[in-house]
Number of protein chains: 2
Amino acid sequence: MNNTLDQCCVDTLRFLAVDMVQKANSGHPGMPLGAAPMAYVLWTRWLKHNPRNPTWFDRDRFVLSAGHGSALLYGLLHLSGYDLDLDDIKQFRQWGSKTPGHPERGITPGVETTTGPLGQGMANAVGMAIAEANLAARYNQPGHTVVDHRTYALVSDGDLMEGVASEAASLAGHLQLGKLTCLYDDNGITLSGGTNISFTEDRAQRFAAYGWHTIVIGDGNDLEAIEQALSAARDESDRPSLILVCTHIGYGSPEQDTFKAHGSPLGAANVLKTKRALDWPTEPDFLVPEQALVHWRSAVARGAEYESDWNTRKEIHSRSFPRLAAELETRMFALLPSGWDVAIPTFPTDSKGLATRDASGKVMNAVAPLLPALFGGSADLDPSTKTALAGLGDFNPAQTPTAEDHQGSAGGGWNHRGRNLHFGVREHAMGAIVNGLAAHGGFIPFGSTFLIFSDYMRPPIRLAALMRLHVVYVFTHDSVALGEDGPTHQPIEQLATLRAIPDLVVIRPADANETVAAWRVALESRDHPIALILSRQELPTLDRSLYAAADGLRRGAYVLYDSPGEMPALILIASGSEVALVLAAALRLQAEGIATRVVSMPSWELFERLSPAERDAVLPPEVKARLAVELGIAQGWQRYLGCDGDMLGIEHFGASAPAEELLKQFGFTVENVCQRARALLARRKPQA
Amino acid sequence: MNNTLDQCCVDTLRFLAVDMVQKANSGHPGMPLGAAPMAYVLWTRWLKHNPRNPTWFDRDRFVLSAGHGSALLYGLLHLSGYDLDLDDIKQFRQWGSKTPGHPERGITPGVETTTGPLGQGMANAVGMAIAEANLAARYNQPGHTVVDHRTYALVSDGDLMEGVASEAASLAGHLQLGKLTCLYDDNGITLSGGTNISFTEDRAQRFAAYGWHTIVIGDGNDLEAIEQALSAARDESDRPSLILVCTHIGYGSPEQDTFKAHGSPLGAANVLKTKRALDWPTEPDFLVPEQALVHWRSAVARGAEYESDWNTRKEIHSRSFPRLAAELETRMFALLPSGWDVAIPTFPTDSKGLATRDASGKVMNAVAPLLPALFGGSADLDPSTKTALAGLGDFNPAQTPTAEDHQGSAGGGWNHRGRNLHFGVREHAMGAIVNGLAAHGGFIPFGSTFLIFSDYMRPPIRLAALMRLHVVYVFTHDSVALGEDGPTHQPIEQLATLRAIPDLVVIRPADANETVAAWRVALESRDHPIALILSRQELPTLDRSLYAAADGLRRGAYVLYDSPGEMPALILIASGSEVALVLAAALRLQAEGIATRVVSMPSWELFERLSPAERDAVLPPEVKARLAVELGIAQGWQRYLGCDGDMLGIEHFGASAPAEELLKQFGFTVENVCQRARALLARRKPQA
């Protein structure tokens, strides 16, 4: 009977997915048919969650990395009692529905992270497991456990082929994330054919090499085998688990075990054949037998119990450790602790100045001790990106040697309490892992590398923007001024291509004090990612008694300086390291009698938030002589230049030479800026 | 004595690198000090090359994937007798020198591929090994071997951590590339610290899981052990080899075995200490002892012999197989065979039309049989991207099952002669592998995926542009019109961000016949990569008797239609799937008495090659009412709109719904285009 009930529950899930895809006439039926049994066992016997409160903090996290199997996830959520009714299910892949083509965080209750681009979800799960381990290490106390949940991911062949997942898996093994379990839907089929055409490696051996615990299940329909594997995974303390479950894509359908079952609806005829093959009533569609529903919905009562039990433990914990508990609360609600910014420095005027990467490092280290949510690291570049949080320890297994032999955070020890995460040379995984940290909650994660290598992590940056996650990227070495390393390392188009991503805020501060303002914006933001673009080279710290205050940065662009008197004849616009350059040029032009305005424009996105009137106050429409200066391509600048403006940029790749030489060769000198400005004014004369 | 000579040769290489870095006061001395012995053994005892003819076709390929060790490579090239003299060596990292910060193909004779961004070189090497295997399978005949060379790569910890290298290694094992050998400089140190902080996986076991042959060498200074390992690798027929060589970064220097030796000059004092520690004369700098030079330079005589021997074999081969030999010649010189395009179809007018991805597939299949250099595939998407070359076989190990069980090329069998390469779900490796194929020579490689996933492969796309390699990308599903898969799969900013890459030509054809013209441009180009941007949905095949000919595409933008009579009052500009839309709008506006011009603009880059006069003929400066329509962000379009123009684009992420619904919701309808155009004209009235 129980067996029959199990079977009925599994098939209910299978055919909800099949009917969803068929009704939408779009989607992926094959994976749900094969993976339903493992999903059923996990969700009804192991997953600790509360369908009535999808945001309960201590829930287990479940990630459907194989996002194309969204119909399976929607079925799980509906059957388990989440706020997703049958009408939502029937609106699968339709405009405005709660059941989009791929799972989207924020649209469907119970969806932890947006998946679909392969490899991302699995790496997000690694980030979530890191989040749990770090919170548990900080907030649990002997006899008091307030953070204790696991992270599960359902992954596909495609996930395991993607480099981002390989990077994340290697790091997860190194970090000994024992509470991470990946169920691998090993069906031997991908979109274009069998894995035999491109993917014949020994997956279990590879993951064993990463330091994972692996279990192979020969029959994906064997519920007890799945049960035992999940139990074995639960018993692991130091190794993440990969459970390789051999399944049949499109199980029961005429196209079982072929790529044809992967990404297209079965078709009405084959839907009937599949239902008959599995002894399922051919109608009605979207059939949910009462007994199955009752069994699935027992998750609601269990969930309420889980949460109330946790509330009790939390209650006691907060009485015993009020300060810790209050801190945890602040993080759960994503609030900035009062006084978080008291130690932020103001940098004195200094013509030599310092690199904005150095200013950034000082700000981070001033804030970090007061902002425990700030957690992250670099892709093996913290000595260069200045992102190490001194004295706050390294997130690493306890037995790792002391920090003395590397240039991370000095001291603080090594364990899961540490707040410096060494990603290794794994930019792509870094991007996906910080997404997982942010999606988990309780963190303001940061990831850092050279600006050029942001190209390695564009997919997760885009997903952070799509999910509107609060993630901070620290991208340094932001122009050809990095010098000798040459064109492979010199960003040219990266500023433009980051600005191109919707809902990502890009900020390129001009000096140390703008860097302070940029970090304030980055930390106070809550609903979108921020990319800080910082210089390798020293930049003068501007005299703010002569020029406008640095917190003008909050407006995206501000008038840094105006020649005395009337409306300017010319506006020089720049960001980052070029602001001091145009300022010097402005003073020279002014001496020649050209009334010049200097606009520091660190962020297009912040500027676009202003009202038209506010923008016109910075860039008056009547002033048509505008010269923008930036060490990158002009693409996109035209919108601020009007039809008569000009742009001094770089439209070609860089070169290997000392920075000063490159700036001279590429025309980024006071002389050339002045000359371009004069030419611009001369061109306009006739019209004047 | 021989031992002493070996040691002298090794240390000559070491200190050339140290002195280069010290004189430039910039660079990476640590790796050359540790890796010099393996480089010496490989280059003097195994590498088949001709220093006097770096482009000799049958040479072994050597890739320094750890590009930051460029000083080592320049030392090898100079000592071996390439056209790189001591003065060039002394100009390391200086403006205009032949010795840039990282190795750059095209700048330094003997540099096969541009490296530095980690993981890329190793994946390039996989592409080169694929190239050799495919050419050997096609052109060698029993008793006649004209293609027989090996590919060597020197890789670092960082390379092995990068996902792109993991993807490529998995594929290389699957493909049984026995003539690929990677020397792994296993020094346990990365930029920021010891590998113990982030990279503790079992590398040998991982590569064994991929199907590689692995050998561990405990002492990187043991020349005989290196010799034997290379010999064992040579004996492998079906497995690529990874030789893990334990070395000491910064060997001999006071900072040996620390990250400090990785990326900064040793400093004058430590240079002296290092030279003393290794019994090397402290002066002069750049010392090349006569005996060492003589021994290194023996490569010149050997190289001449290799090549003349090959010429003899090739001579005989061409007498026995004139047609094959002529074909190989054509490919070696990167020429298009005469008549390559005779089978290219012209598509008849068709209001229903076909998707440009389908038109592309037809063109590829019409050309492929006549153009053997055309080789490539997709990242597991060929059923969707239509890039399978029917009947031309799959590049795969012989024992792989017949092609019937997958949707690649029907028939043609399976072996290294096949021309369809199944990359698996590995976009990043695909990008780097096609670079390796192009850098090897003899191929016009193509790689294909959905446009959105071009984000996964931006680093190799950028390197293809930097190297000016002839690579063709086939990116389909090019807009929100892909429909239900939703925002994770819908490109919004990708067109703009590809256009942002210098020297990459992006082409988005409007119908089947523009797709033909686009493929002609793509195949006739020789010195830059091309990205073809194609639709998933059907597009009408325009009636070219009413509208301008499709080969106007060669000019990047052309007047597709003009209202009869005077100068137009309005210009509608579009690319790809939006061209038919604006054409319909133009006819309606014309009926309202608005003289309208329709400009099809498939490629900004091709348009920018025109003279200003030619561009003005398409977009007359006096016509200021311009409306651009494209299913993507406006960034960059402003330059073609002038100050009074308008853009109908999408500045936010997409959504999951049927395509028609999305186009309506986002305003891509004839009604809305007309309304925006009227509004544009109305706004201009007062000024008129």
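Engineer: Sorry if this is basic, but what is going on with the state of the cysteines here?
Structural biologist: Where two cysteines share a covalent bond between their sulfur atoms, that bond is called a disulfide. In this structure the tally under the stated criterion is 1 disulfide over all chains. Each sulfur in the disulfide pair Cys643 of chain A and Cys643 of chain B lies 2.0 Å from the other. On the S-S bond that ties Cys643 of chain A to Cys643 of chain B, the torsion sits near 100°, and the link is right-handed. Of the two residues, Cys643 of chain A is situated in the loop between α23 (638-641) and β21 (646-648) and Cys643 of chain B in the loop between α23 (638-641) and β21 (646-648); the pairing between them involves two chains. Not part of a disulfide, Cys9 of chain B finds its nearest cysteine sulfur in Cys8 of chain B, a span of 5.7 Å. Of the residues examined, Cys9 of chain B reaches a relative accessible area of 0% and is grouped as buried.

Engineer: Would you mind going over the packing of helix α5 (residues 120-139) of chain B against helix α13 (residues 322-332) of chain B with me for this structure?
Structural biologist: Angle between the axes and distance between the axes: these two values describe a pair of packed helices. Residue and element names in this part refer to chain B. Two elements in contact, α5 and α13, have axes whose closest approach is 10 Å; the angle formed by their N-to-C orientations is 155°. As far as their axial angle goes, α13 and α5 are roughly antiparallel. Here Asn134, Leu135, Arg138 and Tyr139 of α5 lie close against α13, whose contacting residues are Leu324, Glu327, Leu328 and Arg331.

Engineer: Help me understand the packing of helix α16 (residues 427-440) of chain B against helix α17 (residues 458-467) of chain B, please; the structure alone is not making it clear to me.
Structural biologist: Residue and element names in this part refer to chain B. α17 packs onto α16 with a crossing angle of 20° between their chain directions and a minimal axis gap of 8 Å. With respect to their mutual orientation, α16 and α17 come out roughly parallel. Viewed along their axes, α16 and α17 form a crossing whose handedness is left-handed. Facing α16, whose interface residues are His428, Gly431, Ala432 and Asn435, α17 presents Pro459, Pro460, Leu463, Ala464 and Met467. Class assignment of the residues belonging to the contact of α16 with α17 gives a composition of 6 nonpolar, 3 polar and no charged.

Engineer: Honestly, the relation of the copies chain B and chain A in this entry has me stumped. Any pointers?
Structural biologist: The operation relating the pair of chain copies consists of a rotation about an axis and a translation along that axis. The two copies are related by a screw operation: chain B maps onto chain A through 180° of rotation and 0.0 Å of translation along the axis, at an RMSD of 0.0 Å. Such a combination of turn and shift is consistent with a two-fold rotation axis. Looking at the rotation axis and the C-alpha trace of chain B, the residue lying nearest is Gly163 of chain B, at 1.8 Å. Comparing interface residues between copies, 99% of those in chain B also lie at the interface in chain A; the contact surface is shared.

Engineer: So what exactly am I meant to see when it comes to the interface of chain B and chain A here?
Structural biologist: Where interface size is quoted, it is often the accessible area lost as the parts come together. With 107 residues of chain B in contact, the opposing surface of chain A contributes 106 residues. For the chain B and chain A pair, buried surface summed over both sides reaches about 8300 Å², with 58% attributable to carbon and sulfur atoms. Scanning the region where chain B abuts chain A turns up 4 salt bridges. Between Glu493 of chain A and Arg462 of chain B there is a salt bridge, with its nearest N and O atoms 2.8 Å apart. Along the contact surface separating chain B from chain A lie 39 residue pairs in polar contact (both at pLDDT 80 or more). Class assignment for the residues of the side of chain B that touches chain A results in 42 nonpolar, 42 polar and 23 charged.

Engineer: In this structure, what is going on with the pairing of strand β7 (residues 241-246) of chain B? I would like to understand it.
Structural biologist: As a general feature of sheets, a regular strand has side chains that alternate between the two faces. All names here are of chain B. For β7, a buried count of 5 out of 6 residues is recorded, marking the element as mostly surrounded by other parts of the structure. Pairing between strand β3 (residues 180-186) and β7: 6 bridges, direction parallel. Bridge pairing in β7 links Asp185 to Val245. Bridge analysis of strand β6 (residues 213-217) against β7 gives 5 bridges, and the strand direction is parallel. Across the sheet, residue Val216 finds its bridge partner in β7, namely Leu244.

Engineer: Would you mind showing me how to read the sheet that holds strand β15 (residues 530-533) of chain A here?
Structural biologist: All names here are of chain A. Reading across the sheet, the 5 strands line up as β9-β12-β13-β15-β14 and stay open at both edges, with parallel pairing between neighbours. Of all strands in the sheet, those with a lone pairing partner are β9 (374-378) and β14 (505-507), marking the two edges. Along the sheet, successive strands turn relative to each other by an average axial angle of 20°, direction set aside. The pairing of β14 with β15 spans 3 bridges and is parallel.

Engineer: Teacher, can you tell me more about the confidence of the model for chain A here?
Structural biologist: Reading fine detail from the predicted coordinates is not recommended where pLDDT is low. Of all residues in chain A, 97% attain a pLDDT of 70 or more, and the chain-wide mean is 95. Interface scoring of the predicted complex returns ipTM 0.97; its pTM is 0.97.

Engineer: In this structure, what is going on with the environment of Leu663 of chain B? I would like to understand it.
Structural biologist: Residues and elements named next belong to chain B. By secondary structure assignment, the location of Leu663 is in helix α24 (residues 659-665). Overall, the relative accessible area of 23% leaves Leu663 in the partly exposed class. Considering only alpha carbons, one finds Leu663 and Val480, 183 residues apart in sequence, at a separation of 7.9 Å. Setting aside residues up to four positions removed in sequence, Leu663 forms contacts with Val480, Leu631, Phe668 and Thr669.

Engineer: I would appreciate a short explanation of α16 of chain B in the present structure.
Structural biologist: Residues lying three or four places apart along an α-helix face the same way, a consequence of the helix completing one turn every 3.6 residues. Residue and element names in this part refer to chain B. With 14 residues, α16 extends 20 Å from end C-alpha to end C-alpha; this agrees with the ideal 20 Å at 1.5 Å per step. Burial of α16 is extensive: 14 of the 14 residues sit out of reach of the surface. Immediately downstream of α16, the backbone of Gly441 shows phi near 100°, a positive value.

Engineer: What am I meant to see in helix α3 (residues 70-80) of chain B here?
Structural biologist: Among the 11 residues in α3 of chain B, 11 count as buried, and that is most of the element. Listed in full, the buried residues belonging to α3 of chain B are Ser70, Ala71, Leu72, Leu73, Tyr74, Gly75, Leu76, Leu77, His78, Leu79 and Ser80 of chain B.

Engineer: Help me understand the side chain of His428 of chain B, please; the structure alone is not making it clear to me.
Structural biologist: Residue and element names in this part refer to chain B. Relative to the elements of secondary structure, His428 occurs in helix α16. The exposure class of His428 is buried, given its relative accessible area of 6%. Side chain to side chain, His428 and Gln120 meet in a polar contact 3.0 Å long.

Engineer: Can you walk me through the packing of aromatic side chains in this structure?
Structural biologist: How two aromatic rings sit relative to each other is set out by the distance from centre to centre and by the angle between their planes. Counted under the stated rule, the structure contains 38 aromatic pairs over all chains. Plain terms: the ring middles of Phe207 of chain A and Tyr210 of chain A are 5.2 Å apart, the flat faces sit at 85° to each other, and that makes the pair edge-to-face. Residue class for Phe207 of chain A comes out buried when judged on its relative accessible area of 1%. Using a relative accessible area of 2% as the deciding quantity, one classes Tyr210 of chain A as buried. For the ring pair Tyr547 of chain B and Tyr561 of chain B, a centre distance of 5.8 Å and an interplane angle of 80° mean the geometry is edge-to-face. You can see Tyr547 of chain B sitting in the loop between β16 (538-541) and β17 (558-562) and its partner Tyr561 of chain B sitting in strand β17, a full 14 residues away along the chain. The burial state of Tyr547 of chain B is the same as that of Tyr561 of chain B; both residues are buried. Grouping aromatic residues by their ring pairs yields a cluster made of Trp604, Phe607, Trp637 and Tyr640 of chain A. Sitting above the plane of the Phe443 of chain B ring, Arg331 of chain B keeps its charged end 4.7 Å from the centroid.

Scoring rules and cut-offs
Residues numbered from 1 in each chain as written. Chains lettered and ligands numbered in written order. Predicted model: local features only at pLDDT ≥ 70, side-chain atom pairs only at ≥ 80, totals over all residues. Heavy atoms only, no water. Disulfide = S-S within 2.5 Å. Helix = DSSP H or I, 4+ residues; strand = E, 2+ residues; numbered from the N terminus. Buried < 20%, exposed > 50% of the residue type's maximum accessible area, 1.4 Å probe, protein only. Axes fitted to C-alpha atoms, helices over the stretch in contact; angles between N-to-C directions. Parallel < 35°, antiparallel > 145°, perpendicular 65-115°, else oblique. Contact = heavy atoms within 4.5 Å. Left-handed = near helix turned anticlockwise from the far one by under 90°. Nonpolar A, V, L, I, M, F, W, Y, C, P; charged D, E, K, R; others polar. Least-squares fit on C-alpha atoms with pLDDT ≥ 70 in both. Buried area = accessible area lost by both parts, 1.4 Å probe. Salt bridge = Lys/Arg side-chain N within 4 Å of Asp/Glu carboxyl O. Polar contact = N/O pair within 3.5 Å; in protein donor to acceptor, adjacent residues only side chain to side chain. Pairing = 2+ DSSP bridges. pLDDT = per-residue confidence, 0-100. Expected span 1.5 Å × (residues − 1). Phe/Tyr/Trp six-rings, centres within 6.5 Å; stacked < 30°, edge-to-face > 60°. Lys NZ or Arg CZ within 6 Å of the ring centre and 35° of its normal.

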